[in-house]
Amino acid sequence: MLDRCATLTVAEPRTPYQLTTAGQPWLEVLVDRPYPRDSQEDQQILTYSIPPDLTVEIGDILSVPFGSQVIGGIALRFLENLPPGLEENQIRPVEDVITKGFFPDNYWQLLTKIAQYYATDLITVVRVALPTGLLRSSQRRIRLKPAAIPPGAEVFCTPLSRQILSLLKNQKEGDYSAKYLQEKVKNANYGIRDLVKRGWVESYL
């Protein structure tokens, strides 16, 4: 993950926005963070890699590493190649998908057209469209789906998934913040991802 100082005009993208991963390993993510008034707009656009076991679509709300923190971001555009000046070993991976399809495809395209029409950066348009503060902190929560869990489900779980499932089952509402689970279980994201794929828990904001 690095800021890119190369010129990138979000309102007039140099390549078309693709909406599905399509095997492309790099992703530009729009993050909401403070930046100097005189800096270029692309200082809010960071490049990440996409883990092979993670499916990302344009408009998904993501959790991504930023320094020692994990912050929220929006999947903006896939890249076939890294931008000039960036090396593969400098790029950090997306942590996880918080909410899929937050922006429907046609709505995302509409936001891009609005940015083009008003000659403004896309993050400004997105900020208006998003609930206040949605990206400024990782507010992801994980909720148990008891009706979807078969008897003896723990037998089919990885050790990480089993620990998370146990924590959620022992909580009255079956609901914890992802941050809490990450504090309690090392590498919790892998277990959370497994449980989401199985449909036994849901991730929401």
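Residues numbered from 1 in each chain as written. Predicted model: local features only at pLDDT ≥ 70, side-chain atom pairs only at ≥ 80, totals over all residues. Heavy atoms only, no water.

**Student:** Even after reading the chapter, I still don't get the side chain of Arg-193, so can you show me in this structure?
**Tutor:** Mapped onto the secondary structure, Arg-193 falls in helix H5 (residues 188–198). Residue contacts for Arg-193: discarding those within four places in its chain leaves Pro-51, Asp-53, Leu-54, Glu-95 and Asp-96. (Helix = DSSP H or I, 4+ residues; strand = E, 2+ residues; numbered from the N terminus. Contact = heavy atoms within 4.5 Å.)

**Student:** Even after reading the chapter, I still don't get the packing of helix H3 (residues 159–169) against H5, so can you show me in this structure?
**Tutor:** Helix-helix packing is characterised by the crossing angle of the two axes and by the distance between the axes. Running from N to C, H3 and H5 point in directions that differ by 80 degrees, and their axes come no closer than 8 Å. Of the possible angle classes, the one that applies to H3 and H5 is roughly perpendicular. Here Leu-160, Ser-161, Ile-164 and Leu-165 of H3 come into contact with H5, specifically with Ala-188, Tyr-190, Gly-191, Ile-192, Asp-194 and Leu-195. Among the residues forming the contact of H3 with H5, the class breakdown is seven nonpolar, two polar and one charged. (Axes fitted to C-alpha atoms, helices over the stretch in contact; angles between N-to-C directions. Parallel < 35°, antiparallel > 145°, perpendicular 65-115°, else oblique. Nonpolar A, V, L, I, M, F, W, Y, C, P; charged D, E, K, R; others polar.)

**Student:** Help me out: how do you make sense of the sheet that holds strand S8 (residues 201–204) in this one?
**Tutor:** Taken together, the three strands give an open sheet; going across it, the order is S7-S6-S8, and neighbouring strands pair in antiparallel fashion. This sheet does not close on itself; its edge strands, each paired only once, are strand S7 (175–177) and S8. Taken over all neighbouring pairs, the strand axes of this sheet differ in orientation by 20 degrees on average, direction set aside. Summarising the sheet, strand S6 (residues 141–144) and S8 pair through four bridges and their orientation is antiparallel. When the sheet's bridge partners are listed, Ile-142 is paired in S8 with Ser-203. Across the sheet, H3 lies against S6, S7 and S8, angled at about 75 degrees from S6, the strand it touches most. (Pairing = 2+ DSSP bridges.)

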